[in-house]
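Structural characterization, general
Residue-level listing of the chains:
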Amino acid sequence: MSDFPLVVENLSFKYRTRPELAVENVSFELRQGELLLIAGSSGCGKTTLARCINGLIPRSYRGERKGKVLLQGRDVAEMEIAEMSQVVGTLLQDPERQIVASNVFNEIAFGPENLGLPREEIASRVEQVMKRLNIEYLHERETFNLSGGEKQKVALAGMLAMSPSILLLDEPLASLDPASAHEALAVFRSLADEGKTVILVEHRVEDAISITPDRLLYMEDGRIKYLGPIKNLPNEIDYTQVKLPAPWVVQRVKALDNAPVVSPRPEERERSEPLVVFEDVDFRYDEEYPFILQNVNLKIYPGDLIAVLGPNGAGKSTLVKHAIGLLKPTKGRVLVEGRDTRTMSVAQIARVLGYVFQSPTHMLYAPTVHEELEFGPKNLGFEPELISKSIVESLATVNMKEFEEYPPLALSFGQQKRTTIAAVLAMRSKILVMDEPTAGQDFANYTRFMEALCGTYDGGSSLLSANFDATLFITHDIDLAVTYANRVLLFGDKHVVADGAPEDVLKDVDFLTKYRVRPTSLLQLNLDLLPKTGRFLPAESLAGFA
Amino acid sequence: MNDKSTWEFGTRQVVYGAIGAALYGVFSWATNIFPLPAAGNVTFRPAVAVLIFFASAYGPWVGLLAGFIGNTLGDALSGWGFYWHWSLGNGLMGLVAGLVMASIKDFRARGDIMKAVGYGVAGIAVGMLFASLTEMFMGGIDLNTALFGYFTPAFLGNTVVTVILLPVLMIAFAAVASRRGR
Amino acid sequence: MLVTWKYRLRDTFIQRLDPRTRLIFLFSIIFALTIPEIWDLRIILPIFAISLTLYFMARIEWKDVKRGWAFILVFVIFIVGINGVLSGRGGPSSVTNIESPILFYVPVLDWFGWMVPITVSKLWFALNQIIRMLTMAILAIPIPYTMDPNIYGTAFKRMGASDNVSFTMDLAFRFLPTFARDFTITVDAQRARGYEMESLKGGLVERIRRLSPLIIPVVMQSTVTGEEVIDAMDLRAFGTSKRTWIKTLTYAPRDYFMLGLGAAIFISCCVLKWGFGIGGFFVPDFFTNLFV
Ligand SMILES: Nc1ncnc2c1ncn2[C@@H]1O[C@H](COP(=O)(O)OP(=O)(O)OP(=O)(O)O)[C@@H](O)[C@H]1O
Ligand SMILES: Nc1ncnc2c1ncn2[C@@H]1O[C@H](COP(=O)(O)OP(=O)(O)OP(=O)(O)O)[C@@H](O)[C@H]1O
Ligand SMILES: [Mg+2]
Ligand SMILES: [Mg+2]
């Protein structure tokens, strides 16, 4: 038996349906107890590599595989699934889609049940694992009602109950708020310390390095670009591709001697009549349920670019659904352009306020992008000429012209996201509301996306300011608020607990932590440099001041 | 695993059977909330198109399970109780419709869509006929009532829905499948 | 619009029963009435009383079931009405008793002179039919409110279904709330794009077609979900060997009692009908006398 629990040798793989190699000539080996971080932009082959390691390739996915993956000296391709599942445990990206049982106990017991173990053995394994992860209190709960963080832990428990020696975690943090993400990371670290070999695929590198991985494997186009210790990272990895801690970026920008770009400050507009007003709004979903909103007061003015922060389940989505009239306040009023939403239909409000839901998969349905964009304007009864004009313009704005006759369901995630924005743009509303616009996208993609929306160009006006009077987005990523917003709302305890310029709202770190908002290195650096800069800036721009 | 062996019954069929059932249940129940116009006593159950779609995409076992379990779940959610013969009828509907799976090559192709609609309508006929005829023993109705009170409206309603919605679903599915093949 | 099973733990005799017992009992009653074709109210009424007792013993709240009840009553009466009008040309329930006094005529297609006679015998039959249908229906109504959704898979397994079929059951329950929520979100997302359910315009075809923005996103998302679930299950060795089902079920004396009762009812019905010829349809004199 070899000394290494995992050896990958000259591995290449090509999917049957694709012309190009998804993974090309990858070799590495892992020691027992090592924690390897795998990073790289979307589509670079991380998941494919993971599938080669856990044996789904070549079993479930067809294609051409070359090279070897040895688990404890034996090739995965030759092992039985039952055997292999006890060596490698895999945690997939979205726990919501990976949990297969309705209640927590059954979920954790699922793997051992499939192995046909005796009942007592299964019960004792489940108990041990729950104890190990401190989730005994979840024992009899329904999996559907768990919070994102709890779901993640239950999925992890289900995997640990198979007692694997290698853990393979494919973007496990994607759906978690920052505080829960750090709890999860701490658990991964402690598992490695107990002697498990851990492979963590994650493009939130900044978060992941807080648990000091032993090495990092950085991939580009299916190949290994860098494999080695973390400390050389700033020099090896392009900071525009992967999110690195702000001080590293600054260091790198300085070393490269790139002239830092400082975009002009977006001009303040006169505060005129508010577009949307919340007046003492209370709301609960049902009389049997507790209040979600209590005493919410809020005005949205033309020129606002608002970031809404707050923990999972605080009621952020509930809040913005009031603005579009999908929900009506239990008490109090919401006014859109001076009219009570109770007296308006959602379709009427949609002329003023365009709402982009978090996941594009919840709204894309049409056979072509063109028809998809037609949907809103047609519903609103626009004239045909106006419809075609709107479509052409909005497609140009999101840079999707060449996809007009393409089926939206066949596009990549990032393109789908832009299609949904275009669909709302075509409705020519005055306010744009986006629920977690960057969730599920990698760093390079989402900076490109946010730059396209919020970045100011030559004329000094961004896509948003040119098309919309005001914008509001909900996010868990505090750096987005730091970089792009001119106003930040912190939502917690059923109402708005802080409202103001980013520099004012985000300066009190203790206050933020109280609402489960984790300060980031970018925020920290910005706060340190604030006396010199006078406002928050993206990491690259800070290089000129540090 | 793209071997289209019609009668295979593994993890894939379990998963899509369950997913089809859950969707069929949810949509059957939801269309009670958004009622469509009923012409005579023909009620439209758009969910049927979803069941036929699952059957043609994933085969007869999936159709059977999704139809049987899904109908049971839909009735249970609506609080109507359990009518085993209607659940079985829905299962047969899915089973027959699923026989088309192996011969569909391209979900966008006109010919393949027509084939799927054809099997779907055959499935509706078989399934609804079974349920209507068993209703004679269950409810004590006579053949006329079974044919004209149950079968005809159910057959017509389901067929109309399938003819309209199944092609749309298949075309959408072709786009999704092109992004992620196995 | 959140789908949650209204299942709640209640301390009742019904809920302490083994789930298998409840399913088997349900089928005993259904088959007792349908296989030997029992139409005699003297036999149906006692069974109806048992069903009704069990229904009340389940102690489900009226507000939970009132919509279901409304549907069942409307449906049963509607179909019984249709049957009364159409029936008379043979079939297992032929009640064309020519001698039976005619009460009144229903003008079905008046212009064509098709007047359907409603006789005493038809009326009595309709009454039987309603009670007979309800006897079976009310046994099943409480099940979703009183049976733990987590136990169906195990129950089916213990009744002899295969691992795969039993697990399909469990997995369907698992995904039901997920897709219901996806559907709600989709409805909201399309409404935010100006879609109005209420103002569905156009003819029938157009109206059905207009449902696709609500249905397609959910169905397509579910097909993608499926691939991930397959991977997740394969990686945890589903289907590699004979599965242990961790939950155990054991019959208690009360279960044997209920199973015995079910069997007794079934056997008695068969014996009465086939052995003694009792249990077929007839119109009792007192009923005829009410009208004549
Ligand atoms: N099932 C599949 N069939 C065909 N091609 C696939 C399949 N899965 C992935 N690919 C392709 O293989 C390449 C690598 O994809 P992979 O999912 O491994 O990337 P990734 O690094 O995990 O990306 P992400 O960060 O978005 O998860 C991509 O071009 C992708 O489109
Ligand atoms: N349809 C509903 N019925 C009942 N309760 C609901 C419903 N939708 C949301 N809730 C509850 O309302 C609370 C607030 O939910 P909301 O989605 O507004 O939170 P959020 O701040 O957007 O969270 P996240 O960051 O996870 O998106 C949660 O406790 C949630 O469980
Ligand atoms: Mg991936
Ligand atoms: Mg939200």
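Going by the structure above, here's the rest.
The structure reproduced in this document is the subject of the present report. All of these numbers come straight from a predicted model, not from anything done at the bench. (Residues numbered from 1 in each chain as written. Chains lettered and ligands numbered in written order. Predicted model: local features only at pLDDT ≥ 70, side-chain atom pairs only at ≥ 80, totals over all residues. Heavy atoms only, no water.)

1. Concerning the interface of chain A and chain C
Which entries qualify depends on this criterion: Here a residue-residue contact requires only that any non-hydrogen atoms of the pair lie within 4.5 Å. Two parts placed together each lose some accessible area; with a 1.4 Å probe, that loss summed over both constitutes the buried area. Salt bridges are defined as contacts in which a side-chain nitrogen from Lys or Arg sits within 4 Å of a carboxyl oxygen from Asp or Glu. Counting from the N terminus, the helices are DSSP H or I runs at least four residues long and the strands are E runs at least two residues long. We call Asp, Glu, Lys and Arg charged. Ala, Val, Leu, Ile, Met, Phe, Trp, Tyr, Cys and Pro are nonpolar, and the rest, Gly among them, are polar.
Each side of the interface is counted separately: chain A has 60 residues, and chain C has 50 residues. Here chain A meets chain C over a buried area of about 5,100 Å², counting both sides, of which 55% is carbon and sulfur. Our enumeration of links across chain A and chain C arrives at 6 salt bridges. Among the secondary structure elements, those contributing two or more residues to the side of chain A that touches chain C are helix H3 (81-84), helix H4 (95-98), helix H5 (104-114), helix H6 (119-132), helix H13 (346-350) and helix H14 (369-379) of chain A. Top contributing element to the side of chain A that touches chain C by residue count: H5 of chain A, with 8 residues. Along the lines of polarity and charge, the residues of the side of chain A that touches chain C split into 32 nonpolar, 18 polar and 10 charged.

2. Comments concerning the side chain of Ser-51 of chain C
All names here are of chain C. Note the following rule: Relative accessibility decides the category of a residue: with a 1.4 Å probe and only protein chains considered, values under 20% of the type maximum give buried, values over 50% give exposed, and everything between is partly exposed.
Considering the arrangement of structural elements, one finds Ser-51 in helix H3 (residues 41-57). For Ser-51, a relative accessible area of 1% gives the class buried. Dropping the residues within four chain positions of it, Ser-51 is found in contact with Thr-135, Ile-138 and Leu-139.

3. Brief notes about the site of ligand 1
Residue and element names in this part refer to chain A. Cut-off, in case you're wondering: A cutoff of 4 Å decides nearness: a residue is near a molecule or strand if any of its heavy atoms lies inside that distance of it. Polar contacts, as used here, are pairs of N or O atoms within 3.5 Å; protein pairs need one atom able to donate a hydrogen and one able to accept it. Residues neighboring in sequence count only if both atoms are side-chain atoms. Shrake-Rupley sampling with a 1.4 Å probe provides the accessible areas, and residues are treated as covered by the protein chains on show and by no other component.
Close contacts around ligand 1 come from 18 residues, with Ser-42, Gly-43, Lys-46, Thr-47 and Thr-48 the closest. Interatomic distance of 3.2 Å between a side-chain N/O atom of Arg-18 and a nitrogen atom of ligand 1. Within the backbone of Gly-45, an N or O atom sits 3.0 Å from an oxygen atom of ligand 1. The fraction of the free accessible surface of ligand 1 (630 Å²) that becomes covered by protein chains is 84%.

4. Digging into the nonpolar core
Heads up, the rule is: Residues belong to a common nonpolar core when they are buried Ala, Val, Leu, Ile, Met, Phe, Trp, Tyr or Cys residues joined through side-chain atoms within 4.5 Å.
If you look at the biggest cluster of nonpolar residues, it comprises 155 residues, and the most contacted ones within it are Leu-156 and Leu-506 of chain A. A per-element tally of this core places helix H8 (residues 178-193) of chain A first, with 7 residues. Each residue touching Leu-156 of chain A, except ones within four places of it in the same chain, is listed here: Leu-91, Leu-133, Leu-169, Val-187, Phe-188 and Leu-191 of chain A. Listed in part, the 144 residues of the second largest apolar core include Ala-21 and Val-161 of chain B together with Ile-44 and Met-233 of chain C.

5. Observations concerning the site of ligand 2
Neighbouring ligand 2 are 13 residues, the closest being Gly-313, Gly-315, Lys-316, Ser-317 and Thr-318 of chain A. Ligand 2 sits at the junction of chains A and C, each of which supplies nearby residues. With respect to ligand 2, the backbone of Gly-315 of chain A contributes an N or O atom lying 2.8 Å from an oxygen atom. One of the side-chain nitrogen or oxygen atoms of Lys-316 of chain A is found 2.7 Å away from an oxygen atom of ligand 2. Considering ligand 2 on its own, with 640 Å² of exposed area, one finds that the protein chains cover 66% of that surface. Here the shell around ligand 2 is composed, by residue class, of 5 nonpolar, 6 polar and 2 charged.

6. Section: the pattern of salt bridges
Counted under the stated rule, the structure contains 44 salt bridges over all chains. Among the ionic pairs, Arg-132 of chain A bridges to Glu-194 of chain A, the shortest N-O distance being 2.8 Å. Pair noted here: Arg-132 of chain A is in helix H6 and Glu-194 of chain A is in the loop between H8 and strand S8 (197-201), with a separation of 62 residues, a long-range link. For Arg-132 of chain A, a relative accessible area of 28% puts it in the partly exposed group. Because the salt bridges share partners, they merge into one network encompassing Arg-8, Arg-10, Glu-61, Lys-63 and Asp-64 of chain C.

7. Overview of the interface of chain C and chain B
Taken residue by residue, the interface counts 73 residues in chain C and 64 residues in chain B. Summed over both sides, the interface of chain C with chain B buries roughly 6,100 Å², with 79% coming from carbon and sulfur. Summed over the shared surface of chain C and chain B, the result is 8 residue pairs in polar contact (both at pLDDT 80 or more). Going through the elements one at a time, helix H2 (19-34), helix H4 (62-86), helix H5 (120-140), helix H6 (143-146), helix H8 (163-191), helix H9 (204-209) and helix H10 (212-235) of chain C are the ones with two or more residues in the side of chain C that touches chain B. Here the side of chain C that touches chain B is built from residues that sort into 50 nonpolar, 14 polar and 9 charged.

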